[in-house]
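Spelled out, the chains give:
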Amino acid sequence: MVAEIEAEVASTRKWLGKPRLDPRVVAALTKVRRHRFVPAINKRHAYENRPQPIGHGQTISQPYMVAIMTDLADIQPDDRVLEIGTGCGYQTAILAELAAQVYSVEIVPELANPAAARLRDMGYANVEIMCGDGALGWAGHAPYNAIVVTAAAWQRIPPALIAQLAPGGRLVVPVDRSTSVARFPYLDQDQELMVVTKDKEGRIAERNVLPVAFVPLVERSADPAA
Ligand code: SAH
């Protein structure tokens, strides 16, 4: 699986702006056993470089996508990291291998609770999971050196996430820019992976990386019917 990811990184080097993954990211991908995050029925596909269904209409992200998002977030050993969209917790585990502390928010309780139990069983003492609306971030532990969002934001980056980014921090987020109001099927949508940086003076810079296909970020707070 890791060799396939590295080959895909090499072939997308122009988009990524770098020819290969940080060796620390490769080490984390090699160490974390992906089959432990995949439902029994799909375990034999766990090391294929593609997303898999995990129930509740959600997916475990493609390993290549987990790899490049982690790499773009440039996680340092002392970092405090926020993840939005825990899902099964695979990306959470990769982040926990690299950072000092990971906070992760998942909106579906049926996913958040097993993910928290799974990561605890696997011995990750530096992970905290909350069930809630990640479009609002997790103000209680802010600011974060890095934020990784694993569901596509609608039209704009949620302002709370930019606010909770520390000076010098990196935010990696897929943004859906399609003009159609129908957000399904999301594979047809016009999503772009973006990296947002905040400099020491608090100035924001944005960069488009490459086109992607993520499940939508539910934004309850933005829904007038909520
Ligand atoms: N990080 C996961 C990817 C999970 S898919 C992995 O490693 O594979 C995206 C997840 O985002 C889904 O579990 C979905 O329920 C969750 N999600 C969607 N909107 C959300 C929101 N507003 N807050 C928190 N989680 C959200």
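My aim in this report is to walk through the structure given alongside it, one point at a time. (Residues numbered from 1 in each chain as written. Predicted model: local features only at pLDDT ≥ 70, side-chain atom pairs only at ≥ 80, totals over all residues. Heavy atoms only, no water.)

Quick notes on the side chain of Asn126
This is how the line gets drawn: Strands are runs of DSSP state E lasting at least 2 residues, helices are runs of H or I lasting at least 4, and numbering of each runs from the N terminus. For every residue, the accessible area obtained with a 1.4 Å probe (protein chains only) is divided by the maximum for its type, and the residue is called buried under 20%, exposed over 50%, and partly exposed between those limits. The definition of a polar contact used here is a pair of N or O atoms within 3.5 Å, where within protein one atom must be able to donate a hydrogen and the other to accept one, and adjacent residues in sequence count solely through side-chain atom pairs.
Mapping Asn126 onto the fold places it in the loop between helix 6 (109-121) and strand 5 (127-131). Judged by relative accessible area, which is 15%, Asn126 ranks as buried. Of the polar contacts made by the side chain of Asn126, one reaches the backbone oxygen of Ala100; its length is 3.4 Å.

Focus: helix 4 (residues 63-73)
Because an α-helix completes one turn every 3.6 residues, residues spaced three or four positions apart along the sequence face the same direction. When you tally the buried positions in helix 4, you get 11 out of 11 residues, the bulk of the element. Looking one or two residues past helix 4, Asp74 carries a phi angle of roughly 50 degrees, positive in sign.

Section: the packing of aromatic side chains
Under the convention used in this document: Centres within 6.5 Å are what make two rings of Phe, Tyr or Trp a pair, Trp counting through its six-membered ring; a difference in plane orientation under 30 degrees is then read as stacked, over 60 as edge-to-face, and the rest as tilted. Here, a charge over a ring is recorded when the distance from Lys NZ or Arg CZ to the ring centre is within 6 Å and its angle to the ring normal is within 35 degrees.
The full count for this structure, using the stated rule, is 3 aromatic pairs. Note on Tyr103 and Tyr144: the rings are 6.1 Å apart at their centroids and 65 degrees apart in plane angle, and the pair reads as edge-to-face. One end of the pair, Tyr103, is in strand 4 (residues 101-106); the other, Tyr144, is in strand 6 (residues 144-149), with 41 residues separating them in the sequence. Summarising the burial analysis for this pair, Tyr103 and Tyr144 share the class buried. Three or more aromatic residues joined by ring pairs make a cluster, and in this case those are Tyr103, Trp138 and Tyr144. Between Arg34 and the ring centre of Tyr90, over which it is positioned, the NZ or CZ distance is 5.5 Å.

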